[in-house]
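The residues making up each chain are set out below.
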Amino acid sequence: LEQEPETIFDPINDMFFLLFTRSNPTVGQRINIHDVSSLHASNWRSSSGVRFLIHGWGSSSNSGENPRTRDEFLRLADHNVVVVDWSVGAGAANYITARNRVGPAGAVVGQFIDWLTSLGVTHPSRVNIVGISLGAHVSGHAGKNTHSGQVNAIFGNDPAGPLFNVDNPDRLDIGDAYYTEGMHTNVGQLGFDLPITHATFYPNWGGAQPGKTFFLLKNRTILVEIIL
């Protein structure tokens, strides 16, 4: 059987951003880049920090890790939690296709941060980004493409390994934010195995995880092994 061609991915039009605050903790408000009216109609708080969540391959803004992490961020403070949906790009059946869309997706997130900064409603120094799998590398490209200042922190949860090279910074890299952190939980398989961030953690030596959960400590997303 012939495989259906992959859907064309136009990042600037296909990606969208959902805002969650304590005023709307479970139903996101869509903010469209360069659409000031969508921002003004939302619960955006200029006095609050910004936390971006970026999903991985085959996932979407509704993926399991996003609601959990979102809820914990909002429990800690009334952040502007922005869930990035690049599912049109990440949903490619062919991993190679999805991997090649990482850079363009990250560039749009960087543009979004620059746009918010130009409006005076935040600054990159108040932005933390959490990405999982391919989303970790989208996060890196977001940092590379934020030109209004350096992003405060990027946390890569299980950064994807296939087709990413330690010698090529076309991925999450130490220079993408003031502070970068990698949590490696599937090394040697689908996860990246070598340190590529300021701080690197390998729960259970980075291999098979008998059980795991997400929690936040001082606004830092940590993946901790729990032996079952």
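Just so you know, these numbers come straight off a predicted model, no measurement behind them.

Peer 1: What am I meant to see in the side chain of asparagine 66 here?
Peer 2: Mapped onto the fold, asparagine 66 is located in helix α3 (residues 65-76). Once you skip the residues sitting within four places of it in the chain, asparagine 66 turns out to touch Leu53, Ile54, His55, Ser60, Ser61 and Val83.

Peer 1: Honestly, the packing of aromatic side chains in this entry has me stumped. Any pointers?
Peer 2: The geometry of two aromatic rings is summed up by the distance between their centres and the angle between their planes. Here the structure, examined in full by the defined rule, presents 5 aromatic pairs. Geometrically, the ring pair formed by tryptophan 57 and tyrosine 95 is edge-to-face, given 5.0 Å between the ring centres and 75° between the ring planes. Taken together, the residues span a long stretch of sequence, with tryptophan 57 in the loop between β3 (50-54) and α3 and tyrosine 95 in helix α5 (residues 95-100) at a distance of 38 residues. Using a relative accessible area of 16% as the deciding quantity, one classes tyrosine 95 as buried. By way of ring pairs, the aromatic residues Phe17, Phe52, Phe112 and Trp115 are connected into one cluster. Seen from the ring of phenylalanine 20, arginine 70 lies directly overhead, with NZ or CZ sitting 4.7 Å from the centre. Cation over ring: arginine 99 sits above phenylalanine 164, and NZ or CZ is 4.1 Å from the ring centre.

Peer 1: Explain the pattern of salt bridges here, please?
Peer 2: Opposite charge on two side chains lets them pair, provided their charged atoms get close. Tallied over the full model, the rule gives 6 salt bridges. Ionic pairing is found between aspartate 176 and lysine 144, a salt bridge with its closest N-O pair at 2.8 Å. On the criterion of sequence distance, the pair formed by aspartate 176 in the loop between β6 (153-157) and β7 (179-183) and lysine 144 in helix α7 (residues 134-144) is long-range, its members being 32 residues apart. The exposure class of aspartate 176 is buried, given its relative accessible area of 4%. The closest approach of N and O atoms between arginine 171 and aspartate 173, which form a salt bridge, is 3.1 Å. Taken individually, arginine 171 and aspartate 173 each receive the classification buried, so the pair is uniform in this respect.

Peer 1: What is the right way to look at the pairing of strand β5 (residues 127-132) in this model?
Peer 2: Looking along a regular strand, one sees the side chains alternate between the two faces of the sheet. With 6 of 6 residues buried, β5 lies mostly within the body of the structure. Of the two faces of β5, both are covered, the one formed by Val127, Ile129 and Gly131 as well as the one formed by Asn128, Val130 and Ile132. Relative to β5, β3 runs parallel, the two sharing 5 bridges. Following the sheet pairing, leucine 53 is matched in β5 by valine 130. Across 5 bridges, the pairing between β5 and β6 is parallel. In the sheet register, asparagine 128 faces β6, and the bridge partner there is alanine 153. Of the crossover connections in this fold, the one passing from β5 over α7 to the parallel β6 is right-handed.

Peer 1: What should I look at first to understand the pairing of strand β1 (residues 16-21) in this one?
Peer 2: Across the 6 residues of β1, 6 count as buried, placing the element largely inside the fold. What you see with β1 is no split at all: Phe16, Leu18 and Phe20 on one side and Phe17, Leu19 and Thr21 on the other are buried throughout. In this sheet, strand β4 (residues 80-85) lies alongside β1 in antiparallel orientation, the contact comprising 5 bridges. Across the sheet, residue leucine 18 finds its bridge partner in β4, namely valine 83. The pairing of β1 with strand β2 (residues 24-31) spans 4 bridges and is antiparallel. Across the sheet, the residue bridging to threonine 21 is asparagine 24, located in β2.

Analysis parameters
Residues numbered from 1 in each chain as written. Predicted model: local features only at pLDDT ≥ 70, side-chain atom pairs only at ≥ 80, totals over all residues. Heavy atoms only, no water. Helix = DSSP H or I, 4+ residues; strand = E, 2+ residues; numbered from the N terminus. Contact = heavy atoms within 4.5 Å. Phe/Tyr/Trp six-rings, centres within 6.5 Å; stacked < 30°, edge-to-face > 60°. Buried < 20%, exposed > 50% of the residue type's maximum accessible area, 1.4 Å probe, protein only. Lys NZ or Arg CZ within 6 Å of the ring centre and 35° of its normal. Salt bridge = Lys/Arg side-chain N within 4 Å of Asp/Glu carboxyl O. Pairing = 2+ DSSP bridges. Right-handed = clockwise from strand over helix to strand, strands pointing away.

Purely geometric stuff here, so don't read any function into it on its own.
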